[in-house]
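# Overview (structure and organization)
As a plain string of letters, each chain reads:
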Protein chains: 2
Amino acid sequence: MINLAAGQCTACRGDEPALPDAEIEDLLFHVIGWQVLDVDGVKRLKRVFEFKNFMDAMAFTNKIAALAEEQEHHPLIISEWGRVCVQWWTHKIKGLHRNDFIMAAKTEEIFSSL
Amino acid sequence: MINLAAGQCTACRGDEPALPDAEIEDLLFHVIGWQVLDVDGVKRLKRVFEFKNFMDAMAFTNKIAALAEEQEHHPLIISEWGRVCVQWWTHKIKGLHRNDFIMAAKTEEIFSSL
């Protein structure tokens, strides 16, 4: 297993290509529980996390938001009672970058630490 | 205009029917900018709010979360860079209750106060 969670986001210039499917398949192996979602042809990494109430879901949402600001890479977060869905992708390249896998692994690490 | 924002959520027993379409049409007039969204046959009230960055979007998200806890009625909130989508509906009745319009009006009031 690569320790993706130990990585840091690198600035994505926007002229890099999105990861090819074969590389996505390989990296998915290192972020167990995450799925690839296709929204209008743009691939995203997605995982749903469950909580016992609304405020626990919001506390997790805020931890992910703080991580996002620190790494200067921002997800889409769907928060509701007992449930948070986190989605990572790279707008600039309209797809997945290695950064997104690093962020998924860091998200996972935060969830495990709760 | 009815001052829906001044209302309080009332406990929804679950044996009340969801609001009929005619009543929804009338109430929509009092929450300008909100739309009815149909998700798997369940109507929701939805509005997208725009912000100048991620943390402003998160600050608004947290204000709505605090309102939700206070009123014991919880929305779905989609937070991302510069954008928050708030959706209100009543799970128990699989549709819209007057409470949802009250919460939409209170959401609007919070946005206007920023």
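Every chain begins its residue count from 1, and numbering advances along the sequence as written. Each chain gets a letter, beginning with A, and each ligand a number, beginning with 1, in the order they are written. pLDDT decides what is reported in this predicted model: residues at 70 or higher carry local features, side-chain atom pairs at 80 or more are listed and counted, and totals for whole chains, interfaces and linings draw on all residues regardless. Calculation of side-chain values draws on the structure's entire complement of heavy atoms; hydrogens and water are dropped beforehand.

Another aspect to go through is the side chain of A:Gln87. All names here are of chain A. Here a strand is any run of E in DSSP of at least two residues, a helix any run of H or I of at least four, and the numbering for each starts at the N terminus. If you trace the backbone, Gln-87 turns up in strand β4 (residues 83-88). Buried means the residue's accessible area, taken with a 1.4 Å probe over protein chains only, is under 20% of the maximum for its type, while exposed means over 50%, and partly exposed covers the values in between. By relative accessible area, Gln-87 is classed as buried at 6%. Residues in contact with Gln-87, not counting those within four places in the same chain, are Leu-37, Arg-44, Leu-45, Lys-46, Pro-75, Leu-76 and Ile-78. Contacts are assigned to residue pairs that have any heavy atoms within 4.5 Å of one another.

What follows deals with the packing of helix α2 (residues 54-71) of chain A against helix α3 (residues 98-112) of chain A. A pair of packed helices is captured by two measures, namely the crossing angle of their axes and the spacing between those axes. All names here are of chain A. At a minimum axis distance of 10 Å, the contact between α2 and α3 shows a crossing angle of 140°. In terms of their interaxial angle, α2 and α3 are classed as oblique. Helix-helix and strand crossings are classified by hand; for α2 and α3 the assignment is right-handed. Contacts between α2 and α3 involve Phe-60, Lys-63, Ile-64, Leu-67, Ala-68 and Gln-71 from the first element and Met-103, Lys-106, Thr-107, Ile-110 and Phe-111 from the second. A fitted line through C-alpha atoms serves as each axis, taken over the contacting stretch for helices, and the angle formed by two N-to-C directions is quoted from 0 to 180°. Oblique is the label for any angle not under 35 degrees, not over 145, and not in the 65 to 115 range, which are roughly parallel, roughly antiparallel and roughly perpendicular in turn. By convention the crossing between two helices is left-handed if the near helix lies anticlockwise of the far one by an angle smaller than a right angle, and right-handed if it lies clockwise.

Turning our attention to the interface of chain A and chain B. At the interface, 17 residues of chain A touch 17 residues of chain B. We define a salt bridge as a side-chain nitrogen of Lys or Arg found within 4 Å of a carboxyl oxygen belonging to Asp or Glu. Along the contact surface separating chain A from chain B lie zero salt bridges. The definition of a polar contact used here is a pair of N or O atoms within 3.5 Å, where within protein one atom must be able to donate a hydrogen and the other to accept one, and adjacent residues in sequence count solely through side-chain atom pairs. Summed over the shared surface of chain A and chain B, the result is three residue pairs in polar contact (both at pLDDT 80 or more). No other element matches α2(A), which puts eight residues into the side of chain A that touches chain B. Here a strand pair is declared whenever DSSP counts at least two bridges between the two strands. Pairing analysis gives three bridges linking strand β3 (residues 76-80) of chain A to strand β3 (residues 76-80) of chain B, with the strands arranged antiparallel. Note that in β3(B) the partner of A:Ser79 across the bridge is B:Ile77.

Before going further, it helps to spend a moment on the relation of the copies chain A and chain B. The superposition of copies rests on a least-squares fit of C-alpha positions from residues with pLDDT of 70 or more in both. Superposing chain A onto chain B takes a rotation of 180° combined with a translation of 0.0 Å along the rotation axis, leaving an RMSD of 0.0 Å. Such a combination of rotation and displacement between the chain copies is what one expects of a two-fold axis. Considering only C-alpha atoms, the residue of chain A closest to the rotation axis is A:Ile78, which sits at 2.2 Å. In this assembly, 100% of the residues forming the interface of chain A have copies in chain B that are likewise at the interface, indicating an isologous arrangement.

When a strand is regular, its side chains alternate between the sheet's two faces. Residues and elements named next belong to chain A. Strand direction decides the pairing type here: strand β1 (residues 35-39) and strand β2 (residues 42-50), joined by five bridges, are antiparallel. Paired with Asp-38 across the two strands is Lys-43, which belongs to β2. From the end of β1 to the start of β2, which pair antiparallel, there are two residues, and Asp-40 there has a positive phi angle of about 50°. Sheet analysis places β2 next to β4, joined by six bridges and oriented antiparallel. Bridged to Lys-46 within β4 is Gln-87.

It is worth spelling out the packing of aromatic side chains at this point. Within a pair of aromatic rings, the relevant descriptors are the distance that separates the centres and the angle that separates the planes. Residues and elements named next belong to chain A. Here the aromatic set is Phe, Tyr and Trp, taking the six-membered ring for Trp, and pairing holds for ring centres within 6.5 Å; pairs whose planes are under 30 degrees apart are stacked, those over 60 apart are edge-to-face, and all others are tilted. What the rule picks out here adds up to twelve aromatic pairs over all chains. Residues Phe-51 and Phe-111 carry aromatic rings whose centres are separated by 5.6 Å and whose planes lie at 85° to one another, so their mutual orientation is edge-to-face. One end of the pair, Phe-51, is in the loop between β2 and α2; the other, Phe-111, is in helix α3, and 60 residues separate them in sequence. An aromatic cluster of three or more residues is present, and its members are Trp-34, Phe-49, Phe-51, Phe-60 and Phe-111. Over the ring of Trp-89 we find Arg-44, and its NZ or CZ is 3.7 Å from the ring centre. Two thresholds decide whether a charge sits over a ring: the Lys NZ or Arg CZ must be within 6 Å of the ring centre and within 35 degrees of the ring normal.

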